[in-house]
Amino acid sequence: MSRSPSFSVKTELSPKLDPESFRQWAVAFCIIRFDLEQGQLIEECYPPGCLTQDEELEIAFSSFPDSVSQHQNRSSIHDCIFFFRFRRQDDSQPVHVSSPEITEVDKELSPKYTEKRNLRRLSTSKKNEDSRYMYGYVFNRQRHDERLKRGGEQKSVVILSRSPYSSVFRPLLQIMGPLYFDIGKKALEHIAAYVSMWPAPVPGKLMELPIGNAMLKVNLPPAHSLPSESGLFEESVSSMAPFLPNNQIVPQGLFHDSDLFGTFRGLLLQLWVLWELLLIGEPLLIIAPTPPQCCEAVASLVSLVAPLLYSVDFRPYFTIHDPEFAHLNSLQQGDTFPPMVLGVTNLFFLKALRNIPHIVSVGSPAPNSNRLALTMRSSTGNFSARSEAFGLQQLSLKKFSPSNLLSAVKLRRDGPLCLMTEHKEAIWSTYAAIMKPDTSILNRLIDAGMSPRVEESMSVVNNEILRRHFSELTTNFLAPFGPYFRTKTPSEGSSPFVDPPSLPPFNADEFLGSLSARGPGKFLSKRMKSNWLDLYRRFLKGPNFMPWFQRRRAVAEQEQHKLWKQARMNADIQQFISKMSELEIVDSFNAIERHFLGEIQWESMGGVDRMG
């Protein structure tokens with residue numbers, strides 16, 4: 001079973017809940033029971049009254065495995081951990097920028113426009129602290145008892161949060177889940193009180209979070225990987241510069257703790273195709289036998305494009321009860337499927353979403369396979385999503401046989417509906433890949449055989465090898481955009497009281513023309529086919545480019561604002577005045593007054609330095 005940190009409750013020493021501090025991390029803790037007569041019911045919600053009726057309904061339906069993915073092992077108790085994500089109902093659909101608008105991007109990114117936009121973001125961030133999406137982290141317990149109707153019962157302990165902090169909430173569930181089944185509702189109150197004592201989240205940092213007599217040591221994802229709606233954190237140009245950190249322990253994106261190697265062990269050669277599909281924002285349907293496996297697969301894919309800000313809607317565990325299913329199911333043949341990554345266990349989706357262009361099948365239906373989310377990777381609070389079924393497979397990347405080729409051809413011919421009769425790991429897509437698989441990276445991966453303990457350690461090593469490679473791949477792909485984020489400081493002897501120069505203008509056609517002339521760079525040129533420029537064209541038109549580009553421009557503008565502000569503070573005004581004409585002195589006075597008023601307004605809205 002899982003190696004959960006020990007935890008004891010001492011009532012007289014338990015802290016009191018601080019609601020405001022608690023909301024920095026979580027929205028609520030819920031207990032959901034599957035009732036034979038009434039279906040899913042929320043028994044407890046703590047703190048009470050923080051969810052709408054629609055949210056309660058969606059959370060209840062998403063907190064249990066589909067009946068078709070129920071574990072078949074008739075052991076007395078079976079636990080699993082997974083997570084889901086849903087759009088809050090009062091949010092409008094995201095707006096995707098069309099290609100012509102990309103060419104005109106600089107009209108929206110002039111210094112004056114950027115400053116006004118940043119002020120608006122600051123002023124509205126406190127009014128709209130809710131992100132567009134909510135995450136639910138689930139500890140599900142199935143208890144088999146032949147004396148009960150249907151031979152057992154189900155309950156789920158759910159942590160609701162607006163933040164994708166899986167590295168925090170998974171280990172927290174390992175404590176809170178079993179504790180609830182031991183002492184009941186008191187567990188929610190005690191854990192919530194401890195959470196409210198935690199310091200505010202610091203993205204990209206290693207944090208030590210005490211919980212009773214246990215300590216969670218967790219790495220939070222960096223600010224540049226978090227959606228801007230979830231709050232404004234400090235970002236800098238250096239945090240997104242085109243080079244790799246020496247320490248890969250520092251997360252470069254979301255879900256850095258997911259088990260990329262273990263989840264896609266049977267499809268390692270296809271990771272480069274998946275990287276391209278994610279980069280350009282193509283729709284993907286991920287099918288796995290259990291919720292832990294499908295949510296681990298979706299999380300691993302999102303992490304594959306780090307440090308790019310991934311702006312496509314992703315659902316680690318998607319069910320037919322989701323309000324958006326009706327729209328997706330209504331799409332006719334030929335309709336464009338919206339950019340989404342959907343993790344599902346119900347094979348009904350193969351028929352309901354027939355026009356989704358790319359389907360990936362992962363995982364194993366073997367017994368105990370969904371224990372994968374309960375295995376602790378290390379004391380840092382990270383998890384190993386190692387499936388015992390994967391541990392029985394030998395890592396073979398060099399072997400080729402005609403029978404393997406015939407099996408692949410048969411899978412392609414039969415199509416994904418063959419999963420209705422037997423689960424197999426495969427990818428169905430007509431996309432023609434531009435990136436070549438890097439076999440030198442695959443050859444470095446370590447095969448630990450069948451020893452579970454050694455396998456777990458080697459999975460950590462293999463994950464680091466794969467993550468470093470794909471992080472390097474993404475960083476080099478984004479490197480040609482670097483000049484558009486380059487800041488300038490006042491030249492020596494020039495006045496810092498004039499408006500700083502605009503960042504270099506961006507035009508998609510000019511960018512592609514220039515890139516075509518100079519090439520993609522040494523790192524990419526040997527890994528990409530001759531039509532490599534098509535990948536950049538698709539990226540520019542896809543849903544990931546504009547949010548990432550605008551975010552980077554905003555960060556660069558903020559950095560330049562700080563540099564010029566510092567230059568003004570250090571300037572010797574008397575020296576400047578002595579060299580000016582009377583008219584220039586008047587103009588400089590007006591400029592100083594304008595900047596001074598601007599700083600007052602900036603500070604009154606929260607201040608760029610505290611944005612922080």
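Residues numbered from 1 in each chain as written. Predicted model: local features only at pLDDT ≥ 70, side-chain atom pairs only at ≥ 80, totals over all residues. Heavy atoms only, no water.

### Observations regarding unusual backbone geometry
So, point 1. Going from Tyr 46 to Pro 47, the amide bond is cis rather than trans, its omega being -5 degrees.
So, point 2. Take Pro 47: it is sitting in the loop between β2 (39–46) and α2 (53–62). (Helix = DSSP H or I, 4+ residues; strand = E, 2+ residues; numbered from the N terminus.)

### Describing the pattern of salt bridges
Pairs can form between side chains of opposite charge once their charged atoms are near each other.
So, point 1. This model, assessed by the stated rule, comprises 15 salt bridges.
So, point 2. A salt bridge links Asp 313 to Arg 87, with the shortest nitrogen-to-oxygen separation between them at 3.4 Å. Here Asp 313 is found in strand β9 (residues 313–315), whereas its partner Arg 87 is found in strand β3 (residues 77–87), with 226 residues between them in sequence. (Salt bridge = Lys/Arg side-chain N within 4 Å of Asp/Glu carboxyl O.)

### What about the sheet that holds strand β10 (residues 340–344)?
So, point 1. Taken in spatial order, the 5 strands make up an open sheet running β9-β10-β8-β11-β14, and their pairing is mixed. A single partner strand is all that each edge strand has here, and the edge strands are β9 and β14 (426–428). If you compare each strand with its neighbour and ignore which way they point, the axes differ by 10 degrees on average.
So, point 2. Against the sheet, helix α9 (residues 271–279) engages β8 (284–287), β10, β11 (359–361) and β14, with an angle of about 135 degrees to β8. (Pairing = 2+ DSSP bridges. Axes fitted to C-alpha atoms, helices over the stretch in contact; angles between N-to-C directions. Contact = heavy atoms within 4.5 Å.)

### Overview of the confidence of the model for the protein chain
Reading predicted coordinates in detail is not appropriate for stretches of low pLDDT.
So, point 1. Within the protein chain, residue pLDDT values average 80, and 75% of them lie at 70 or more.
So, point 2. Confidence scores differ between elements of the protein chain, with strand β13 (residues 383–384) showing the lowest mean pLDDT of 32 and β8 the highest of 98.
So, point 3. In this model, residues 608–612 is a region of pLDDT below 50 whose contacts with residues beyond four sequence positions or in other chains number 16 contacts. (pLDDT = per-residue confidence, 0-100.)

### Points about the pairing of strand β7 (residues 214–219)
So, point 1. With 6 bridges joining them, strand β6 (residues 206–211) and β7 adopt antiparallel strand pairing. Counted as the bridge partner of Pro 210 is Met 215 from β7.
So, point 2. A loop of 2 residues connects β6 with β7, the two strands running antiparallel in sequence, and Gly 212 in this loop sits at a positive phi of about 65 degrees.

### Points about the sheet that holds β2
So, point 1. In space, the 5 strands of this open sheet follow the order β2-β1-β5-β4-β3, with antiparallel pairing throughout. For this open sheet the edge positions go to β2 and β3, each flanked by a neighbour on one side alone. The mean inter-strand angle of the sheet, taken between neighbouring strand axes irrespective of direction, is 25 degrees.
So, point 2. As paired strands, β3 and strand β4 (residues 133–144) are joined by 11 bridges and run antiparallel to one another. Note on β4: the bridge partner recorded for Phe 83 is Tyr 137.
So, point 3. Its contacts with the sheet place α2 against β1 (28–35), β2, β3, β4 and β5 (152–161), and it is angled at close to 140 degrees to β3.

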